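The chain contents come next:
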Amino acid sequence: KFLIAPMFYVGGLELKECEAAVSDVMPLLAFEQGDHAQDISVSTQDMDTLVPKYKDYGDQLLRLNDYTCAISYYEAALHFVSSKFDDIGGTLIVKKKGHSVVAEVDYVENDEKNNSHYDVTYLSGEEATITQKEILLAVWAKDVTLLQPRILLNLSR
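Residues numbered from 1 in each chain as written. Predicted model: local features only at pLDDT ≥ 70, side-chain atom pairs only at ≥ 80, totals over all residues. Heavy atoms only, no water.

Visitor: Sorry, what's going on with helix α4 (residues 147-155) here?
Guide: What sets the pattern is the α-helix's 3.6 residues per turn: residues three or four places apart point alike. Taken together, the buried positions of α4 are L147, Q148, I151 and N154. Relative to the axis of α4, the buried residues are bounded by an arc of 125° and lie together on one face. (Buried < 20%, exposed > 50% of the residue type's maximum accessible area, 1.4 Å probe, protein only. Helix = DSSP H or I, 4+ residues; strand = E, 2+ residues; numbered from the N terminus. Arc of directions from axis to C-beta.)

Visitor: Please clarify how the environment of L152 should be interpreted in this entry.
Guide: Within the secondary structure, L152 is located in helix α4. A relative accessible area of 36% means that L152 is categorised as partly exposed. As a C-alpha pair, L152 and E75 span 77 residues in sequence and 9.1 Å in three-dimensional space. With residues near it in sequence (within four places) discarded, L152 still touches L78 and L137. (Contact = heavy atoms within 4.5 Å.)

Visitor: It is not clear to me how the side chain of N154 should be interpreted in this structure. Could you clarify?
Guide: Mapped onto the elements of the fold, N154 is located in helix α4. Only 3.0 Å separates the side chain of N154 from the side chain of Y74, close enough to count as a polar contact. Discounting chain neighbours no more than four positions away, the residues touching N154 are K55, D59, L62 and Y74. (Polar contact = N/O pair within 3.5 Å; in protein donor to acceptor, adjacent residues only side chain to side chain.)

Visitor: Please explain the sheet that holds strand β5 (residues 91-96) as it appears in this structure.
Guide: Sheets are built from strands that pair by backbone hydrogen bonding, the pairs being arranged parallel or antiparallel. The strand order across the open sheet formed by five strands is β8-β7-β6-β5-β9, and the pairing between neighbours is antiparallel. Each of the sheet's edge strands pairs with one partner strand only, and the pair in question is β8 (127-131) and β9 (135-139). Across this sheet, the average inter-strand angle for adjacent strands is 40°, counted without regard to direction. (Pairing = 2+ DSSP bridges. Axes fitted to C-alpha atoms, helices over the stretch in contact; angles between N-to-C directions.)

Visitor: What's the story with helix α3 (residues 67-82) in this structure? I'm lost.
Guide: Between its first and last C-alpha atoms α3 spans 21 Å; for 16 residues at 1.5 Å apiece the expected length is 22 Å, and the two agree. All of the buried residues in α3 are A70, Y73, Y74, A77, L78, F80, V81 and S82. (Expected span 1.5 Å × (residues − 1).)

Visitor: Can you help me understand the environment of A141 in this one?
Guide: Residue placement: A141 occurs in the loop between β9 and α4. Its relative accessible area of 70% is what places A141 among the exposed residues. Separated by 50 residues in sequence, A141 and T91 have C-alpha atoms that sit 7.5 Å apart.

Visitor: Please explain the confidence of the model for the protein chain as it appears in this structure.
Guide: The predicted coordinates should not be examined in detail at positions where pLDDT is low. Averaged over every residue, the pLDDT of the protein chain is 78; residues scoring 70 or more account for 69%. The weakest mean pLDDT in the protein chain belongs to strand β1 (residues 2-4) at 50; the strongest belongs to β8 at 94. Considering only residues more than four positions removed or in separate chains, one finds that residues 35-41, a stretch of pLDDT under 50, has eleven contacts. (pLDDT = per-residue confidence, 0-100.)

Structure (structure tokens):
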């Protein structure tokens, strides 16, 4: 058996130590032994393999009821794909007058302060120039297996 010691107080009371069966802890061992931190800086070609890998880690942890760690892996996977704003022809979800709307990236330009400005076309045909602060999400164009929406759905649980 493993001894699990509390790391915090709840309602001002110290939590008691408890024991967990080895069979309950063993599924978490692979995640504890893995050095996943090295995967954080990735190239674009690695993104295609890391996103499904991180989603799978998150799914496994979700099944083990380790929600906090699952969320971390889902967020890491989303970071790779949802923050790639500079794809010409890519699809973005942006804020427009307090609403979320879909836009296509036509052109990306950096000003003298290295701030990015995006020329976009909304579904209505209207064109605009927006800043990165107005971008809510980049839609992953290569996502043929719909990993990005599936991750977002798992996070909403």
